[in-house]
Each structure stands twice: as C-alpha cells, then as structure tokens.
Amino acid sequence: MALEGFWSDYSIEPKRKFRWVLSFRGIPQWILKRVTKPNFTVETTEHSFINYKFYYPGRVSWEEVSLTLADPVYPDASATMMQLVRDMGYVMPHNFLNDGGQRDGKVVTISKQSAVQALGGAMYLQQMDAEGDLIEEWKLYNPFITGVSFDELDYESDDLLNLELTVRYDWAELQNVGNVFQKRVDRTAQTSARALGQ
C-alpha cells in the first residue's frame, strides 16, 4: 500500500486516546478519567576532552505515571485512597500505640512489599480498537502510590471532584502487540477478499 493512501484506506485506523481501561486493586475502571502512559529516559555520562564533549548511555529510568479519577459518593474514591495507604503499612499517629500501630508487639511501618501488594502487585493499561480487540497492553511492575491530591472545593464551580494519583513502578513492559497486529492484518485480508468476491 502506498504511503499516500494511508489516510484514504478505510480499513486502517490510528490509535485513539479514549479507548483504554486501567486495572489495579481497589479502583473500578469506570471512575478513571485520564492516565499518562509509561515513559522512560536513558541517563547519560559526560566525558570532556580538551574542548569536546562525548556522551555515553547509562541506566534506563522509568518515569512516574499520573492518574485522574472521579470521586463518586459510592464507591468513595477518597476513602479507597486512605485504605490503600493504610494497606501500605501507614498508621495514623493517634493510632500508633493502639492495636493498629503494632502487630505482635512490633511497630508497623511502610515497606515496599506492602506498598506494592496494596495495588495488587501490578497495574495493567490496555488500549483497544473500535471492535474491542486489544492493541496494546502495558504491564507496570511493582507499582506503589507516591502521591494523592484530593482536589479543592469551590462555591463558584459545578465541576465534579477529582483525585490526582501518582504511581511509581520499577519498570513497564509493552505486551501482545505482535499478536494483535497479526489479527488486524488477517482481518483486513479477509475483508478485502470478501470485497473482491473471493
């Protein structure tokens, strides 16, 4: 297919921003409004020689993802966030000396294990085509919450309340792209064959 025919070919469609779902523990998919996709940077080391500079690639660093959630009355997203933080191992100061702050006589604090388990161990960001077929799936490994913003109240606004959530993870993997691409090629071939009466 010629390059200039790309946008005129009705069987080819670009990826769309609104066709996605995100899954992780404690949050229903329908309250999610916006999410940033995983991004990474490659760190570099600089070497100077006389009046020249040379650069060498180093570690890959994955950036945090940001999520925007609606905050319905039920299920209460704000209460869910607070429960997730408690599941991470955080204990309110006024409960420190009570049963909530100790287990078997030992002080409870946040750990990576409990923080990751609070979100179910992984997050899945899936993108679909118009027929509901999966075209992209990002798996975020070892995610945990690093920030929550509970929006603001305003007498002059009719807007819905939102939550802003920031999540850190160790790395992300893009999955299933090859298989979905082959399905799309096969489906396009079948459509073309039907159109030609084959």
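The structure we're discussing is the one just above.
Residues numbered from 1 in each chain as written. Predicted model: local features only at pLDDT ≥ 70, side-chain atom pairs only at ≥ 80, totals over all residues. Heavy atoms only, no water.

**Q** Teacher, can you tell me more about a nonpolar patch on the surface here?
**A** There is a patch of nonpolar side chains on the surface, built from Phe-49, Ile-50, Tyr-52, Phe-54 and Tyr-56 and spanning about 580 Å² of accessible area. With 3 residues, strand β4 (residues 52–62) is the single largest residue contributor to the nonpolar patch. Relative to the helices and strands, Ile-50 is located in the loop between β3 (40–49) and β4. Judged by relative accessible area, Ile-50 falls into the exposed class, the value being 71%. (Patch = residues over 30% accessible without salt bridge, like charges linked within 9 Å, V, L, I, M, F, W, Y side chains within 5 Å. Areas by Shrake-Rupley, 256 points an atom, 1.4 Å probe, with all protein chains shown as cover. Salt bridge = Lys/Arg side-chain N within 4 Å of Asp/Glu carboxyl O. Helix = DSSP H or I, 4+ residues; strand = E, 2+ residues; numbered from the N terminus. Buried < 20%, exposed > 50% of the residue type's maximum accessible area, 1.4 Å probe, protein only.)

**Q** Explanation requested: the pattern of salt bridges in the structure shown.
**A** Close approach of charged atoms allows side chains with opposite charge to pair. The tally for this structure, following the rule as stated, stands at 7 salt bridges. Residue Glu-46 pairs with Lys-53 through a salt bridge whose shortest N-O separation is 3.0 Å. When salt bridges with common partners are traced through the structure, they connect Glu-13, Arg-16 and Arg-19 into a single cluster.

**Q** What's the story with helix α1 (residues 77–87) in this structure? I'm lost.
**A** Every buried residue belonging to α1 is among Ala-77, Ser-78, Met-81 and Leu-84, and all of these are buried. The buried side chains of α1 occupy one side of the element, clustering within an arc of 120 degrees when seen end-on. Directly beyond the C-terminal end of α1, a positive phi value near 115 degrees is found at Gly-89. (Arc of directions from axis to C-beta.)

**Q** What am I meant to see in the pairing of strand β9 (residues 134–141) here?
**A** Walk down a regular strand and you will see the side chains alternate between the two sheet faces. Across the 8 residues of β9, 7 count as buried, placing the element largely inside the fold. The pairing of strand β8 (residues 122–128) with β9 spans 7 bridges and is antiparallel. Each residue of the ladder has a partner; that of Gln-127, found in β9, is Glu-136. Between the end of β8 and the start of β9, which pair antiparallel, lie 5 residues, with Gly-132 showing a positive phi angle near 85 degrees. Relative to strand β12 (residues 171–175), β9 runs antiparallel, the two being bridged by 5 bridges. When the bridges of β12 are listed, Leu-140 appears paired with Ala-172. (Pairing = 2+ DSSP bridges.)

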